[in-house]
Amino acid sequence: MVEWSNLARVVYKRTYSRNDHGTPENWSDTVERTIAGNIRGLTNGIHFTDHEVERLRYFMLNRKAGPAGRGWWFSGAPAHAALGGAALCNCWFVTAHDWTNFVIAQDLLMLGGGVGMSVEHRFVSKLPKVKKGVTITHRATKDASFIVPDSREGWCELTSRVLEAFFVTGKGFTYSTVCIRGAGEPIVGFGGKAGGPMPLVLFIEKVCALLLNREGRSLRPLDAADLICAIGEMVVSGNVRRSAILTMGDPWDKDYLRAKRWDLGPIPTQRSSANFSVVADDVDDLHPLFWKTYEYGEPFGIVNRTNIQRFGRVGELKKDAAEGVNPCAEAQLENLEPCNLQEIALPNLTGQDEFEEAARLMHRWGKRVTMEKYHHRATDDIVKKNR
């Protein structure tokens, strides 16, 4: 087996060694937990075999192949059986045509996944106009309209109620965070430590300010980008390790193209949470401001949707209906579809035979991940359709 570097040891202990039973895992513990999670509830002899499990153990113990980071962290964890497949997947793609997608995106980010979101005008224009006169007030009391539960679901429910007030009902409310545990307290089940209530309170203040600035009018694509970025900023502050986001805008949208221009003044802090990109099939479609991002700001990327749909399923009869990508852009996805990643460490393999075996094992690993139940119905449907 290839020796562990000091960096590898630190990353493993920091990120993937769980402490669910009072003692931090060692590497063999993590491997056994992860394999047990991948085959849980499945039938020996049909969905896996004892020989396959033994070969998985060999490849994973020797760091030749294995799941991606979410799998190492969550597969076989105490909350796995209750939550299902969502926390096993690394990243997702959603469109901004429905305000509930922002709530789902928050849920997925809080589970440790990354989110790519299209904020193109054709999607954002489908959102309702922002209602006027909505007031959301935080109270440190027990008699507020909504007492936020101390859970991921509770934080998402508050976001849902805020967006529903601004987009649907036009009725404000008060909320309280008295039940949310303090900063540094352990999070049972999913793991990690709490960030306390302040990240949530500051996030709601930022969202309300953003929406009040557009009351009586429709959101612009840049507003939608700021909303998903503010969610990501809150998630990281709330003590999830990362919050990977990519936004996809229009190549002619001047406001969007100026979003990360350092020469134009201060940039809102939440925009540091995302990579900004545009959807363009031809460089001739790019506005001149696109190239200014390379001169005076953070460079934007280009997503070629035509090529995604043309070449995403090379060799298959089925047309690819993908509309976007995950934050790393290696997976082409439909709305609310996750990427399902496994890894093969080529330098650790002895030759072609091991490579082919690792590829087969990891392909089957990923197929078993698609057999999980996904707690968002639309995601469960799309995973089952495309697997």
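See the structure printed just above.
Since this is a predicted model, take the numbers as computed values, not measurements.

Colleague: Describe the side chain of Thr159, naming the residues involved and giving the relevant values.
Modeller: Counting through the fold element by element, Thr159 comes out in helix 8 (residues 152–169). Given the relative accessible area of 3%, Thr159 is considered buried. Of the polar contacts made by the side chain of Thr159, one reaches the side chain of Gln106; its length is 2.6 Å. Apart from residues lying up to four places away in sequence, Thr159 is in contact with Val103, Gln106 and Phe203.

Colleague: Run through the layout of surface pockets, naming residues and quoting values.
Modeller: Counted as a void, the second largest pocket has a volume near 770 Å³. Lining the second largest pocket we find 26 residues, and of these Glu337, Pro338, Cys339, Asn340 and Asn386 sit closest to its centre. Of all elements in the fold, only strand 11 (332–333), strand 12 (337–338), helix 14 (352–370) and helix 15 (377–386) reach the threshold of two or more residues within the lining of the second largest pocket. Considering every element that reaches the lining of the second largest pocket, the biggest residue donor is helix 14, with 4 residues. Looking at side-chain class alone, the lining of the second largest pocket contains 10 nonpolar, 8 polar and 8 charged residues.

Colleague: Which residues make up unusual backbone geometry, and what values go with them?
Modeller: In this structure, Arg63 takes a positive phi of about 55° despite not being glycine. You can see Arg63 is positioned in the loop between helix 3 (50–61) and strand 1 (65–67). According to the relative accessible area criterion, Arg63 is buried, its value standing at 18%. A positive phi angle, close to 70°, is found at Leu336, a residue other than glycine. Assignment of secondary structure puts Leu336 in the loop between strand 11 and strand 12.

Colleague: How would you sum up the nonpolar core? Please name residues and give values.
Modeller: Ranked by size, the top nonpolar core spans 96 residues in total, and within it Phe102 and Ile136 carry the most contacts. With 10 residues, the single largest contributor to this core is helix 10 (residues 221–237). Ignoring any residue separated from it by four or fewer positions in sequence, one finds Phe102 in contact with Ala96, Met117, Leu127, Leu163, Ala224, Leu227, Ile228 and Ile231. In terms of nonpolar packing, the next biggest core, distinct from the first, is built from 12 residues, Val303, Ala322, Val325 and Ala331 among them.

Colleague: I'd like a rundown of a nonpolar patch on the surface, residues and numbers included.
Modeller: Together, Val283, Trp291, Tyr294 and Ile302 line one region of the surface with nonpolar side chains, adding up to about 410 Å² of accessible area. Structurally, Tyr294 can be placed in helix 12 (residues 288–296). Taking the relative accessible area as the measure of exposure, Tyr294 reaches 45% and is therefore partly exposed.

Colleague: So what about the environment of Asp226? Which residues, and what values?
Modeller: Inspection of the secondary structure assignment puts Asp226 in helix 10. The class of Asp226 is buried, set by a relative accessible area of 8%. C-alpha separation for the pair Asp226 and Thr135, spaced 91 residues apart in sequence, amounts to 20 Å. Filtering out sequence-adjacent residues up to four positions away, Asp226 remains in contact with Leu210, Gln270 and Arg271. Among the polar contacts listed, one links the side chain of Asp226 to the side chain of Gln270, at a separation of 3.1 Å. In this structure the side chain of Asp226 is engaged in a polar contact, spanning 2.8 Å, whose partner is the side chain of Arg271.

Colleague: Outline the sheet that holds strand 9 (residues 301–303), listing residues and values.
Modeller: What the 6 strands build is an open sheet, ordered 9-8-7-3-2-12; its pairing is mixed. If you trace the sheet from one side to the other, it starts and ends with strand 9 and strand 12, each paired once. Taken strand by strand, helix 6 (residues 100–110) contacts strand 2 (91–95), strand 3 (114–118) and strand 7 (245–249), and its axis lies near 160° from that of strand 3.

Colleague: How would you summarise a negative patch on the surface if you had to cite specific residues and measurements?
Modeller: Judged by side-chain charge, Asp281, Asp282, Asp284 and Asp285 come together as a negatively charged surface patch. Tracing the sequence through the fold places Asp282 in the loop between strand 8 (274–279) and helix 12.

Colleague: So, the pairing of strand 3: which residues are in play, and what are the values?
Modeller: Counting buried positions along strand 3 yields 5 of 5 residues, so the element is predominantly enclosed. Of the two faces of strand 3, both are covered, the one formed by Gly114, Gly116 and Ser118 as well as the one formed by Val115 and Met117. One ladder, built from 5 bridges, connects strand 2 with strand 3; its direction is parallel. Looking at strand 3, one finds that Phe93 is bridged to Gly116. Pairing geometry for strand 3 and strand 7, over 4 bridges, is parallel. When the sheet's bridge partners are listed, Met117 is paired in strand 7 with Thr247.

Colleague: Talk me through the sheet that holds strand 4 (residues 136–138); I want residue IDs and the actual numbers.
Modeller: The 3 strands are arranged 4-6-5 in an open sheet whose pairing can be described as parallel. Either end of the sheet is taken by a strand with one partner, and the two such strands are strand 4 and strand 5 (146–147). With respect to the sheet, helix 8 is in contact with strand 4, strand 5 and strand 6 (173–176), its orientation differing from that of strand 6 by roughly 165°.

Colleague: Describe in detail empty space enclosed by the protein, supporting the description with residues and values.
Modeller: Evaluation of the coordinates by the stated rule reveals 1 cavity of 30 Å³ or more. In this structure, the largest cavity spans a volume of roughly 80 Å³. Together, 14 residues line the largest cavity, and Pro67, Gly71, Leu88, Trp365 and Val369 are the ones closest to its centre. Breaking the lining of the largest cavity down by element, the ones donating at least two residues are helix 2 (27–39) and helix 14. Looking at the lining of the largest cavity, its residues break down into 6 nonpolar, 7 polar and 1 charged.

Each value, and the rule that gives it
- Residues numbered from 1 in each chain as written.
- Predicted model: local features only at pLDDT ≥ 70, side-chain atom pairs only at ≥ 80, totals over all residues.
- Heavy atoms only, no water.
- Helix = DSSP H or I, 4+ residues; strand = E, 2+ residues; numbered from the N terminus.
- Buried < 20%, exposed > 50% of the residue type's maximum accessible area, 1.4 Å probe, protein only.
- Polar contact = N/O pair within 3.5 Å; in protein donor to acceptor, adjacent residues only side chain to side chain.
- Contact = heavy atoms within 4.5 Å.
- 1 Å grid on protein atoms, 1.4 Å probe; cavity = no way out; pocket = protein on both sides within 12 Å on 5 of 7 lines; lining within 4 Å.
- Points joined across faces, edges and corners; volume = space filled by probe spheres on them.
- Nonpolar A, V, L, I, M, F, W, Y, C, P; charged D, E, K, R; others polar.
- Core = buried A, V, L, I, M, F, W, Y, C linked by side-chain atoms within 4.5 Å.
- Patch = residues over 30% accessible without salt bridge, like charges linked within 9 Å, V, L, I, M, F, W, Y side chains within 5 Å.
- Areas by Shrake-Rupley, 256 points an atom, 1.4 Å probe, with all protein chains shown as cover.
- Salt bridge = Lys/Arg side-chain N within 4 Å of Asp/Glu carboxyl O.
- Pairing = 2+ DSSP bridges.
- Axes fitted to C-alpha atoms, helices over the stretch in contact; angles between N-to-C directions.
- Lys, Arg positive; Asp, Glu negative; His and termini not counted.
- Charge placed at Lys NZ, Arg CZ, Asp CG, Glu CD.

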